Amino acid sequence: DNIHIHTTDYHPVYDSRGNRINPPADIIIGNNVWICKDVIIHKGTYIPDGCIVGARALVNKKYDTPNAIIAGIPGKVIKHDIYWSH
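Report on the accompanying structure.

So, how was this worked out
Residues numbered from 1 in each chain as written. Predicted model: local features only at pLDDT ≥ 70, side-chain atom pairs only at ≥ 80, totals over all residues. Heavy atoms only, no water. Core = buried A, V, L, I, M, F, W, Y, C linked by side-chain atoms within 4.5 Å. Buried < 20%, exposed > 50% of the residue type's maximum accessible area, 1.4 Å probe, protein only. Contact = heavy atoms within 4.5 Å. Patch = residues over 30% accessible without salt bridge, like charges linked within 9 Å, V, L, I, M, F, W, Y side chains within 5 Å. Areas by Shrake-Rupley, 256 points an atom, 1.4 Å probe, with all protein chains shown as cover. Salt bridge = Lys/Arg side-chain N within 4 Å of Asp/Glu carboxyl O. Helix = DSSP H or I, 4+ residues; strand = E, 2+ residues; numbered from the N terminus. Phe/Tyr/Trp six-rings, centres within 6.5 Å; stacked < 30°, edge-to-face > 60°. Pairing = 2+ DSSP bridges. Polar contact = N/O pair within 3.5 Å; in protein donor to acceptor, adjacent residues only side chain to side chain.

**What about the nonpolar core?**
- Judged by nonpolar contacts, the single largest core of 13 residues is most densely connected at Ile-35, Ile-41, Ile-47, Val-53, Val-59 and Ile-70.
- Setting aside chain neighbours within four positions, we find Ile-47 in contact with Ile-28, Ile-29, Gly-30, Val-33, Ile-41, Val-53, Val-59 and Ile-70.

Put into structure tokens, the structure is as follows:
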């Protein structure tokens, strides 16, 4: 519920030489990932298999720990070696 996934900043930003400094980037979400309510996922994010992203987290980078709980603003791995099922 109310999950926002953004692969772009929506408006390009350029440096003084006309080079774009905020290009869009893919988001990769692994298998069996539970994304809780009110999560925001920004461009360039990678969420490994088996993770849980806690409610209201803001994830904005490549996380490298599978089977982890990611929570907070910005999102951090707060627990690892977890497993969950439906």
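More follows now that the structure is in view.
**With respect to a nonpolar patch on the surface**
- A contiguous nonpolar patch, built from Ile-3, Ile-5 and Ile-29 and spanning about 230 Å² of accessible area, is present on the exposed surface.
- The topology assignment puts Ile-29 in strand S2 (residues 28-29).

**A few points about the packing of aromatic side chains**
- Tallying each qualifying case throughout the model produces one aromatic pair.
- Taking 5.3 Å as the distance between ring centres and 45° as the angle between the ring planes, the aromatic pair formed by Trp-34 and Trp-84 counts as tilted. With Trp-34 in strand S3 (residues 34-35) and Trp-84 in the segment after strand S9 (76-80), this residue pair connects regions lying 50 residues apart in the sequence.

**Concerning the pairing of S9**
- In this sheet, S9 lies alongside strand S8 (residues 68-71) in antiparallel orientation, the contact comprising four bridges. The residue bridging Ile-69 from the neighbouring strand is Lys-79, located in S9.

**Let's talk about the pairing of S8**
- Side chains Ala-68 and Ile-70 of S8 all project onto a buried face; the interleaved residues Ile-69 and Ala-71 project onto a face where none is buried.
- Two successive antiparallel strands, S8 and S9, enclose a turn made up of four residues, where Gly-72 displays a positive phi of approximately 105°.

**Some words on the environment of His-80**
- Secondary-structure assignment places His-80 in strand S9.
- C-alpha separation for the pair His-80 and Cys-51, spaced 29 residues apart in sequence, amounts to 8.7 Å.
- Every residue in contact with His-80, bar those within four places of it in the chain, is listed here: Thr-65, Asn-67 and Ala-68.
- A distance of 3.1 Å separates the side chain of His-80 from the side chain of Asp-81, its partner in a polar contact.

No statement about biological role is implied by the geometric values presented.
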